[in-house]
Amino acid sequence: MLPLVRELVCGSESELLEPGWKNRSHLPHITSCGQHTDFSTIPTFFLCIFSPVLIYALRHTHNAKLQSFSPVSFRILLGGLLVLDLIATIIYSLYLYLNKPSVFDVVHLYGDLVQFGGFCLALLLTVACKNRGLITSGVITLYWLIVIICGAPELRYYLSGFVYHEYPVDLCKATLYIISYGISFLELFLCCFADRPTNLYKKENSCPEYTASFINQLTFQWFTELAVLGNKKSLEKEDLWDLNERDKAENLIPSFLGNLTPGIENYRLRIKMHPEEAIPKNHPSIFGPLFKTYKFSLIAGATFKLMFDMIQFFAPHLLKQLIKFIEDKTQPLWIGVSIVCIMFLSSLLQSMVVHQYYHTMFRLGMHVRSVLTSAVYAKALNLSNEARKGKSTGEIVNLMSVDIQKIQDMAPTMMLFWSAPLQIILAIFFLWRLLGAAVLAGFFGLLAVLPLNGLIVSQMRKGHAEQMKYKDERIKMMSEILNGMKVLKLYAWEKSMEKMVLEIREKELRVLRKLSYLNAGIIFSFVCAPFLVSIVSFVVYVLIDPENNVLTPEICFVALSLFDILKMPLALVAMVYAEAVQCAVGNTRLKEFFAADEMDSQSISYEKSESSIEIKNGYFSWSSTEDATLHDISLNVKRGQLVAIVGRVGSGKSSLLHALLGEMNKIAGHVHVNGSVAYVPQQAWIQNMSLQNNILFNKPYNSKDYDRVVKNCELKEDLANLPAGDSTEIGEKGINLSGGQKQRVSLARAVYQNSEIVLLDDPLSAVDSHVGKHIFENVISSSTGCLATQTRIFVTHGLTYLKHCDKVIVLKDGTISEMGTYQQLINNNGAFSEFLEEFLINESRARGRAVSIGQEDGEVDEILRDLGQVSPGILQRLESHLSQESESERKSERDFRLEFSRENSRKSVLLHSPSSKHEETEALLGSLAKEKPTKDVTTLIEKETVETGNVKFGIYLAYFRAIGIPLTLLFFFAYVASSILGILSNFYLAKLSDKEKANAETGNGTRNDVKMQLGVYAALGIGQSSVVCVSSIILTFGIVRASKRLHAELLGNIMKSPMAFFDVTPIGRMLNRLGKAS
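Thresholds, definitions, all that
- Residues numbered from 1 in each chain as written.
- Predicted model: local features only at pLDDT ≥ 70, side-chain atom pairs only at ≥ 80, totals over all residues.
- Heavy atoms only, no water.
- UniProt positions renumbered as here; feature names shortened; annotations may be inferred.
- Helix = DSSP H or I, 4+ residues; strand = E, 2+ residues; numbered from the N terminus.
- Buried < 20%, exposed > 50% of the residue type's maximum accessible area, 1.4 Å probe, protein only.
- Contact = heavy atoms within 4.5 Å.
- Axes fitted to C-alpha atoms, helices over the stretch in contact; angles between N-to-C directions.
- Parallel < 35°, antiparallel > 145°, perpendicular 65-115°, else oblique.
- Left-handed = near helix turned anticlockwise from the far one by under 90°.
- Expected span 1.5 Å × (residues − 1).
- Pairing = 2+ DSSP bridges.

In the nomenclature of an unreviewed UniProt entry, the protein chain is known as ABC-type glutathione-S-conjugate transporter of Caenorhabditis briggsae. For the protein chain, the Catalytic activity (unreviewed entry) comment in UniProt is given as "leukotriene C4(in) + ATP + H2O = leukotriene C4(out) + ADP + phosphate + H(+)".

Structure (structure tokens):
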């Protein structure tokens, strides 16, 4: 395009450089035509092409207007001066056209008009940047850089005329241009500084990346401060900057889930209509949503990679020109200097581009890991009961720690799928131009290797799938062992469990050994392939025409340069294939996981109505393949009612609460819930955090509400006994709390949430009777409880609470047998009365001892009176049974007190005294609290530490010993041997090329000499490839061996650790070490 413009404007005098430039001893000038057409058009053309990118950024920025005294204001002022300068230049050109036609040159006018258009557009975009709050613009910065570069020849022309008086120059034009060039340089200088929006609030530890200028971002100057600090000391978490807003998970997840969810929902609808299509190949892909979410990052990464691939082919061409310059002594020095400078600039540009590529792709990998981990976690919380049976905790941990990691690792190398073939094609094309048809021999040799690699890759894919299956099995087993470690130690099952894990590990290691051999084969083929291409090409090149085809330094070194470029994609393809296989396995496992059935979010209606909870003809099951667990359920709960649910064990009380939570499959019927829901499970769920945070559960702290909740839930005395009060860290699964304490913390969490509906699954069963009575009166009761205005569904076995409830629901065999007030059910003398009789008889065995040690039994007598009024026979049987049970328990209690007082009279008083109100405050770490603490008493779980600084030699030595010292030394010598053979082959080829050129000039040498020399070169290369293959096998075998030893030692140490270790070490941390680090 530019030569065409030059020809149209300049006519016949359209040369770019001045005549005879090759023979000049100094750097030639650019012709007036070239300067005012090509060099004036390039900056404006660039700005017009890339201005849409800047406009897009302006439309999507959310910053306020830039500050008035920031660099942008001075750039606007300078931009105005540039426009005025160009206007003056154009007016002067018109003056020459009207008054001095002989001096006027239309080429100058064309260049001035084009520059004027570029300056006006740059000024408008700069003003827009200020108004829209754009901190920096790469388009404008690069535009001014190109203006400076393209204007340098004309500046040199005017300065040479002024300084050396080589030719006359127009003083007015020269002055205006020098002023314009100086202002343009100031524009570029000011672009090196970022602007500041008026509303910018910069935190003390905020990342400076997005507040840095484009030049700083391009050169990573913003990172210098952290790099200097890291040079002075080992970096710690506190030294790092906060995440940028665009890198935070809370900002990344919504967009990804928005792209992932529709595919999953479409898949569910599809298999609902056609169940036979629920096969792995139809599972919704995760790569489609990832591409939609990060398409701009992928496009940017692809652009950087394409630029890098194109720039790297400059080096062989420049090398060829440099060799020619060195051989031709007649060429002027400035040509060689120019070639070297261009080589340096191309390398510099190549380095800047490739680092921007890696910066973009590594950030993309981090984003992918964040969103996939969050999606897996969210999916795990929403799995249906049927799907949850087939997804163990170990498998889900593997998905997040292994499979997602494999996909993240693919981010920096994924572009090689198209980049590597492109580089190979371009390299072979340039080799064709250099060596001719001889390169085809090497190319066909390369193609011959591909089927073998395809076979190896398919075997590796199967091997990785098998390895992940064994790994899931091992992690699942370890998860079960760690969760039941107390039982294992009580029965001394450590050795047998350890043997079971090691047997699974041995199967996994057999697969890893197989994969290591396959990987060694891949490495050998791809290390050997570039060398075979080069040697075959050289041999065929010489054999085609021995007289004319001489391996001169120009041909040898340029060809080797191209072969080096060819070697990189071929070598990386091995790694990419291996990672792609693992990524494909991870993708399959993730697809299967995301395709798993979820709880039906539409099974419950949340529309507003008069009733708080309503179920009509509800049928519910735990699995789609099972019969209904609950059937014919119909109930209506008004707002603010207290409804009790009673029934025998297994009658479906807890299942009914799960149905209200949407955790059961709704087979038929209608479920309506009006309001927010809080749930207190039968087994308390406690997080590994402080007790206060367990109660707050991410809700803002309110001291008045918090103190009221703690008091009503009977936690005051517990907080006083804890080492650091409510700041005490609670261990995993509440290990340092008693059962009653955990239940009260769980209840306090639900109360503090202040939800409209509270589901209580027998929360008083784990607390003492007097504590339960206090909690009922202060929390649950409709008359005195703090939840009196909320709707409460109360599953209980405490019959004394039923008369205080607004409604009692009796469940029998998964259906509602009776429903009404307590008095109505007593008067009915139906299933509820039978349940009371059976329950009181069973309870008498458990309650007899409690009554004997001081518990009031007046309410039990009241229940018996209520039954006696309806059925005297029942009353007589119950009184007789309770009397016998009470006498027996009193006798055993006296014996128990006598025996226990001899051993520990102080503990007897605490445990059995009627005045004691705190029977359940004994915690597992209670004895430690009485000792003087030697560390922070608020901390229970020890923080995971990471070694900083240089890796100690002892760490290397320990790993070498795990591999085996002989294997380590053998690998070291093999690696050194491969390096020596590589160096020798390069030196030998250089010597061969020099000798061949000398023989060609003198006419000495024979074809046999060339064959022999190429044979030696081939032997060196094949020897190097063979040694690399051997070293790869040695390395992988040693790594597997070390993995086996370290895993066995780690497992043995865990099994031998005391229970105190498991109290302060999270299970997830141990699973990570056993799963990922081994």
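A count of helical and extended segments in the protein chain gives 38 helices and nine strands. By the burial criterion, 46% of the 1078 residues in the protein chain qualify as buried. Across the protein chain, every contact between residues at least 6 apart in sequence was considered, and the portion connecting residues at least 24 apart equals 79%.

To characterise two packed helices, one gives the angle between the axes of the helices and the distance between these axes. Where helix α18 (residues 438-483) contacts helix α38 (residues 1067-1075), the two axes come as close as 10 Å, and the packing angle between them is 150°. It follows from the interaxial angle that α18 and α38 lie roughly antiparallel. Relative to α38, the crossing made by α18 is right-handed. Where α18 approaches α38, its residues Lys-471, Arg-474, Ile-475, Met-478, Ser-479, Leu-482 and Asn-483 are matched on the opposing element by Ile-1067, Met-1070, Leu-1071, Leu-1074 and Gly-1075.

Let's shift gears to helix α17 (residues 416-435). For α17, built from 20 residues, the straight-helix expectation of 28 Å at 1.5 Å per residue is met to within 8% by its first-to-last C-alpha distance of 26 Å. Where α17 is concerned, the buried positions are Leu-416, Ser-419, Ala-420, Gln-423, Ile-424, Leu-426, Ala-427, Ile-428, Leu-431, Leu-434 and Leu-435. Just downstream of α17 lies Gly-436, where phi reads positive at about 75°.

Now for the sheet that holds strand β1 (residues 611-621). Across the sheet, which stays open at both edges, the three strands sit in the order β2-β1-β4 with antiparallel pairing between neighbours. With one partner strand each, in any of the chains shown, β2 (630-638) and β4 (665-673) form the two edges of the open sheet. Put simply, the sheet's adjacent strands are angled 0° from each other on average, direction ignored. Relative to β2, β1 runs antiparallel, the two being bridged by six bridges. Its bridge partner lying in β2, Glu-614 is registered against Asn-636. Sitting on the sheet, helix α22 (residues 653-661) touches β1, β2 and β4, and the angle it makes with β2 is about 70°.

Below, the discussion takes up the sheet that holds strand β6 (residues 757-761). Pairing is mixed across the open sheet formed by six strands, whose spatial order is β5-β6-β7-β3-β8-β9. In this open sheet, the two strands that pair with only one neighbour each are β5 (677-680) and β9 (815-820). Taking each pair of neighbouring strands and ignoring which way they run, the sheet shows an average axis angle of 15°. This element, α22, spans β3 (642-647), β5, β6, β7 (791-795) and β8 (807-812) of the sheet and lies at about 150° to β6. Here helix α26 (residues 739-753) sits on the sheet and contacts β5 and β6; the angle it forms with β5, its principal contact strand, is near 175°.

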